[in-house]
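Each chain, written out:
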Amino acid sequence: MDANYTFRVRLRIEPAQAFVSLEPSSAETTVTLFRDAPEPGTEGWLFFRNTLWRGEVSDEEYARQLAAEWLGVPERTVEAVDFRELQTDEAYLEALESEIAADLELFKAESVSEVLSKYLGSSIRVTDSS
C-alpha cells in the first residue's frame, strides 16, 4: 500500500544576511511537495478530512504553517499552498474506502463516494503499485 498527498508550494526566498540581496523577480520559486498518506485507520489518516475541502486546501493559513514545518523554512516564506492530488495505489484506495465505509457518520455522508468527493474532489490519481 502506498499513497501520498501532493501539494504545490510557492516560496519566497529571503537572504539570511543583511548584506545580501536578491533580484525580486528571482526570489520566488515553486516546489512540488509529497506528503506520505498514513495508512487508513492509523494515527493521522484523517488528514484529508481535516485539511481539504472539495479538492482544495480548506484553510490557507494552516496549510502555509504545515508546509513551512514540513520544509523546515520560516512560515513567512511560504506564500501559497495548493493541493494537487492524492496519488494512491489500488490497495491503499481500497483500504481508505473500507475505513470510510466503516464510519460514514464521522464524515456526515451517506456514501464513500460522497466522502471522497466532499474532501478530495476529483483529485485522486490511482497509480500502478509496481
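First things first, this report covers the structure right here in the doc. (Residues numbered from 1 in each chain as written. Predicted model: local features only at pLDDT ≥ 70, side-chain atom pairs only at ≥ 80, totals over all residues. Heavy atoms only, no water.)

Before going further, it helps to examine the side chain of lysine 118. Positionally, lysine 118 belongs in helix α4 (residues 112-120). We note that lysine 118 is buried and unpaired, the nearest opposite charge coming from glutamate 114 at a distance of 4.4 Å. At 2.9 Å, the side chain of lysine 118 and the backbone oxygen of lysine 108 are in polar contact. Apart from the residues lying within four places of it in its own chain, the contact partners of lysine 118 are Trp53, Arg54, Phe107, Lys108 and Ala109. (Helix = DSSP H or I, 4+ residues; strand = E, 2+ residues; numbered from the N terminus. Buried < 20%, exposed > 50% of the residue type's maximum accessible area, 1.4 Å probe, protein only. Lys, Arg positive; Asp, Glu negative; His and termini not counted. Salt bridge = Lys/Arg side-chain N within 4 Å of Asp/Glu carboxyl O. Polar contact = N/O pair within 3.5 Å; in protein donor to acceptor, adjacent residues only side chain to side chain. Contact = heavy atoms within 4.5 Å.)

Core analysis: the biggest nonpolar cluster contains 31 residues, and Tyr5, Phe7, Phe48, Ile100 and Phe107 have the highest contact counts within it. Counting residues per element, the ones that place at least two in this core are β1 (3-12), α1 (47-51), α2 (60-71), β5 (78-89), α3 (90-101) and α4. Excluding residues within four positions of it along the chain, isoleucine 100 makes contact with Trp45, Phe48, Phe107, Val112, Val115 and Leu116. (Core = buried A, V, L, I, M, F, W, Y, C linked by side-chain atoms within 4.5 Å.)

Our next topic: α4. Val112, Val115, Leu116, Lys118, Tyr119 and Leu120 are the residues of α4 that are buried. Taken end-on, α4 shows its buried residues confined to a sector of 165°, consistent with a single buried face. Among the structural elements, β1, α1, β3 (52-53), β5, α3 and β6 (124-127) are those in contact with the buried residues of α4. One or two steps after α4, the chain reaches glycine 121, where phi turns positive at roughly 60°. (Arc of directions from axis to C-beta.)

Moving on, we come to the sheet that holds β5. The four strands are arranged β2-β1-β5-β6 in an open sheet whose pairing can be described as mixed. Sheet topology places β2 (28-36) and β6 at the edges, where each strand pairs with a single neighbour. Between one strand axis and the next, the sheet turns by 30° as a mean value, whatever way the strands run. For β1 and β2, the ladder comprises nine bridges, and the chain directions are antiparallel. Across the sheet, residue valine 9 finds its bridge partner in β2, namely valine 31. Packing of α3 onto the sheet brings it into contact with β1, β5 and β6, and relative to β5 it is tilted by some 100°. (Pairing = 2+ DSSP bridges. Axes fitted to C-alpha atoms, helices over the stretch in contact; angles between N-to-C directions.)

Opposite charge on two side chains makes pairing possible when the charged atoms of those side chains draw close. A complete count under the given rule lists seven salt bridges for this structure. Its salt-bridge partner being arginine 64, residue glutamate 60 comes within 3.8 Å of it at the nearest N-O pair. Taken together, the residues glutamate 60 and arginine 64, both in helix α2 and four residues apart, mark about one turn of the helix. Between glutamate 85 and arginine 125 there is a salt bridge, with its nearest N and O atoms 2.9 Å apart. Residue glutamate 85 is located in strand β5, and its partner arginine 125 is located in strand β6; the two are separated by 40 residues in the primary sequence. For arginine 125, a relative accessible area of 39% corresponds to the partly exposed category.

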